[in-house]
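# An overview of the molecular structure
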Amino acid sequence: MDLGIAGRTALIVGGSGLLGRAVAAALLAEDVRVVLAARDETRLADAAHSLDDEVACLTLDTADPASARAAVDRLGTVDILVNAAAPPAHTMDQSRDREPSQILSALDAKAGGYLRVMDAVLPGMRESGFGRVVNISGQNAHLTRSVTGAVRNQAVITASKALADAYAGTGVTINVVNPGVVTADPSPTTAPAAGGESTPEQVAALVAFLCSTQAATISGESIAVGHRVFGVQ
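Computed from a prediction, not measured in an experiment: that's the story for all the values here.

Reading guide: rules and limits
- Residues numbered from 1 in each chain as written.
- Predicted model: local features only at pLDDT ≥ 70, side-chain atom pairs only at ≥ 80, totals over all residues.
- Heavy atoms only, no water.
- Pairing = 2+ DSSP bridges.
- Helix = DSSP H or I, 4+ residues; strand = E, 2+ residues; numbered from the N terminus.
- Right-handed = clockwise from strand over helix to strand, strands pointing away.
- 1 Å grid on protein atoms, 1.4 Å probe; cavity = no way out; pocket = protein on both sides within 12 Å on 5 of 7 lines; lining within 4 Å.
- Points joined across faces, edges and corners; volume = space filled by probe spheres on them.
- Patch = residues over 30% accessible without salt bridge, like charges linked within 9 Å, V, L, I, M, F, W, Y side chains within 5 Å.
- Areas by Shrake-Rupley, 256 points an atom, 1.4 Å probe, with all protein chains shown as cover.
- Salt bridge = Lys/Arg side-chain N within 4 Å of Asp/Glu carboxyl O.
- Lys, Arg positive; Asp, Glu negative; His and termini not counted.
- Charge placed at Lys NZ, Arg CZ, Asp CG, Glu CD.
- Buried < 20%, exposed > 50% of the residue type's maximum accessible area, 1.4 Å probe, protein only.
- Phe/Tyr/Trp six-rings, centres within 6.5 Å; stacked < 30°, edge-to-face > 60°.
- Lys NZ or Arg CZ within 6 Å of the ring centre and 35° of its normal.
- Polar contact = N/O pair within 3.5 Å; in protein donor to acceptor, adjacent residues only side chain to side chain.
- Contact = heavy atoms within 4.5 Å.
- Arc of directions from axis to C-beta.

Take the pairing of strand β7 (residues 222–225) next. As a general feature of sheets, a regular strand has side chains that alternate between the two faces. Of the pairings in the sheet, the one linking strand β6 (residues 172–179) to β7 comprises 4 bridges and is parallel in character. Within β7, the position partnered with Asn-178 by the bridge is Ala-224. Following the chain from β6 across helix α6 (residues 200–210) to the adjacent parallel β7, one finds a crossover that is left-handed.

With that settled, the discussion passes to the layout of surface pockets. Approximately 1,200 Å³ is the volume found for the largest pocket. What lines the largest pocket is a set of 43 residues, and nearest its centre among them are Ala-84, Ala-86, Pro-87, Pro-88 and Ala-89. Elements represented by at least two residues in the lining of the largest pocket include exactly α1 (18–28), β2 (33–38), α4 (100–128) and α5 (147–166). For the lining of the largest pocket, the leading source of residues is α4, giving 5 residues.

Attention now goes to a negative patch on the surface. A cluster of like negative charges, contributed by Asp-2, Asp-31, Asp-52, Asp-53 and Glu-54, occupies part of the molecular surface. Position of Asp-31 relative to the elements: it lies in the loop between α1 and β2. Judged by relative accessible area, which is 58%, Asp-31 ranks as exposed.

Before going further, it helps to spend a moment on the pairing of β6. The buried count for β6 comes to 8 of 8 residues, which makes it a mostly enclosed element. Going residue by residue along β6, you find Val-172, Ile-174, Val-176 and Asn-178 tucked away on one face and Thr-173, Asn-175, Val-177 and Pro-179 tucked away on the opposite face as well. Pairing of strand β5 (residues 131–136) with β6 involves 6 bridges; the strand directions are parallel. From the neighbouring strand, Ile-136 faces β6, where its bridge partner is Val-177. A crossover links β5 with its parallel partner β6, the connecting element being α5, and its sense is right-handed.

Turning to the packing of aromatic side chains, a few remarks are in order. Within the structure shown, the criterion is met by 0 aromatic pairs. The residue whose ring lies beneath Arg-8 is Phe-130, and the NZ or CZ to ring-centre distance is 3.8 Å.

Inspection of the secondary structure assignment puts Ser-212 in the loop between α6 and β7. Of the polar contacts made by the side chain of Ser-212, one reaches the backbone nitrogen of Gln-214; its length is 3.3 Å. Excluding residues within four positions of it along the chain, Ser-212 makes contact with Leu-3, Ile-5 and Arg-132.

It is worth spelling out helix α3 (residues 65–75) at this point. It helps to recall that an α-helix has 3.6 residues per turn; residues three or four apart then point in one direction. Looking only at α3, the buried set comprises Ser-67, Ala-68, Ala-71, Val-72 and Leu-75. Buried residues of α3, viewed axially, fall in a sector of 130 degrees; they line one side. The outward face of α3, more than 90 degrees from its buried face, is lined by the exposed residues Asp-73 and Arg-74. Tucked into the core, α3 has its buried residues touching β1 (9–13), β2, β3 (56–59) and α4. At the N-terminal boundary of α3, the capping side chain belongs to Asp-64, with an oxygen 3.0 Å from the backbone nitrogen of Ala-66. Just beyond α3, the residue with positive phi is Gly-76, at close to 85 degrees.

Everything listed is a geometric property; what it means functionally is a separate question.
Dropping the structure here:
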């Protein structure tokens, strides 16, 4: 299927990570101009080297609004934004899971960072009449085993829906993709109170479709990859 986005410019924040690289590969296959962004120049260079096509790289710190605006200003046009820059769930300190300081720090690092980049990108998308934003959250949003994980992921979903409503009718769509466990060898089974597993490429395939012209009427959605948490509506 031709997704109708050849020649568009995509900014992948968190582009040096596992999912960022997979999304980059999926969009490159659609002849999209891909720009990888992250804080670490060395990891960015490694990510770019791992891809078959040449991609541009930008250093960007999502904690700094000025850094996000400078990156967007440098690009000039951003048609597609994929936010995937956040500390992995396993890096959270489980012994501090209920501490307000960790919860607020994690909330800012994920949802806050996504919001800062969207704030830099969305006005230009509205002006051009075309934009696709896909925010990577996670199925921990639907579970209460971790206060930190639930709050930071659910905040991404809520903020994305609010912005999708604000930009309705402008040609800009904003959606959330919620992976379960992402692994090269996913299990076909799903345990109760857990999300299903998927490969990075399976997550990237959904992200790429949500960036397509065919997905123009899909906005404000939160979609699981891997069976949505077993036993949870």
